[in-house]
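Residue-level structure breakdown
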Amino acid sequence: NGKIIKDVTNNIMEYSNSPIIIVVTNPLDQMTTLVAETSELPKKNVIGQAGILDSSRFAYFISKKTGVPMKEVKALTLGSHGETMVPVPSQCLVNDKKLTELLTNKEIDNLVEKTSKGGAEIVELLKTGSAYFAPASAAAQMVNAIITNSNDVLPVCAWMTGEYGIKDVYLGVTSRIGSNGVEEIVELPLEQNEIKELREASESVKLKVAELKNI
């Protein structure tokens, strides 16, 4: 993956001096970092796609569990794409009610686990290939926000510069997306345990990014 990503990034830079690159390749956080380093673009111009996809999957499982239509479910996941995904129940609403009022912590944890394994489940069902429709749809949403300069607030993998006490790492957070890429990271009023988990996820990502030096 690493060598391919470097080659693709160099090809992109050959044809454009100032692109905005959306990274979809897993492991998402490390590959987004690698693209940023290889391209030498401003960090705001390199964005990873994960949060929209994970949040949508989370909303689906919440909908199935509660019996409430997905259009009435507002779900959000932050952190890393995968095992260190950080659910934020304080920001999840079902029919305008907090998710924590409807489900126990154990039930929420079970839905989070299903969400983190959602891609693997699709791959198993397909037998060959990988999940593609939902990731493509999420990436298209990000592209639309950029080309229309909509400034939509979306959960994406963005470069942290001190938000939530986290810096110097790509991490899944809510960000305002416009023609310049990440226009602003939008800090949410998270609960202390959610911030703690987000910081732990950032440290995990940093450890994994250190492995890039061996590529």
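Residues numbered from 1 in each chain as written. Predicted model: local features only at pLDDT ≥ 70, side-chain atom pairs only at ≥ 80, totals over all residues. Heavy atoms only, no water.

1. Focus: the pattern of salt bridges
Counted according to the given criterion, the structure contains five salt bridges. The salt bridge involving Asp7 is made with Lys3; its shortest N-O contact spans 3.1 Å. In this pair, Asp7 and Lys3 both sit in helix α1 (residues 2–15), four residues apart, roughly one turn of the helix. With a relative accessible area of 36%, Asp7 lands in the partly exposed category. The exposure class assigned to Lys3 is exposed, which follows from its relative accessible area of 59%. Between Arg176 and Glu184 there is a salt bridge, with its nearest N and O atoms 3.1 Å apart. According to the relative accessible area criterion, Arg176 is partly exposed, its value standing at 28%. (Salt bridge = Lys/Arg side-chain N within 4 Å of Asp/Glu carboxyl O. Helix = DSSP H or I, 4+ residues; strand = E, 2+ residues; numbered from the N terminus. Buried < 20%, exposed > 50% of the residue type's maximum accessible area, 1.4 Å probe, protein only.)

2. Digging into the confidence of the model for the chain
With 92% of its residues at a pLDDT of 70 or more, the chain shows a mean pLDDT of 89. Mean pLDDT across the elements of the chain bottoms out in helix α6 (residues 118–126) (47) and peaks in strand β10 (residues 181–185) (98). Confidence drops under a pLDDT of 50 for residues 122–127, and excluding neighbours within four residues, the segment shows eight contacts in the predicted structure. (pLDDT = per-residue confidence, 0-100. Contact = heavy atoms within 4.5 Å.)

3. Concerning the sheet that holds strand β7 (residues 97–98)
Ordered in space as β3-β6-β7, the three strands form an open sheet in which the pairing is antiparallel. Taken across any chain shown, the strands that pair with only one partner, and hence form the sheet edges, are β3 (73–74) and β7. When β3 meets strand β6 (residues 93–94), the two strands line up antiparallel, connected through two bridges. The residue of β6 that forms the bridge with Lys74 is Leu93. (Pairing = 2+ DSSP bridges.)

4. Remarks on the nonpolar core
Grouped together as the largest cluster of nonpolar side chains are 44 residues, with contacts concentrated most on Met160, Tyr164, Ile177, Leu190 and Leu198. Leave out the neighbours within four places in its chain, and Leu190 touches Leu78, Val88, Ser90, Gln91, Tyr164, Ile195 and Leu198. Counting residues in hydrophobic clusters, the runner-up holds 15 residues, among them Phe61, Ile62, Ile108 and Val112. (Core = buried A, V, L, I, M, F, W, Y, C linked by side-chain atoms within 4.5 Å.)

5. Observations regarding the environment of Asp29
Turning to its location among the elements, Asp29 is positioned in helix α2 (residues 28–39). Taking C-alpha positions, Asp29 is 31 Å from Thr66, a pair spaced 37 residues apart along the chain. Those residues in contact with Asp29, other than ones at most four positions away along the chain, are Gly79, Ser80, His81, Cys157, Tyr170 and Val205. A distance of 2.6 Å separates a polar atom in the side chain of Asp29 from a polar atom in the side chain of Ser80. (Polar contact = N/O pair within 3.5 Å; in protein donor to acceptor, adjacent residues only side chain to side chain.)

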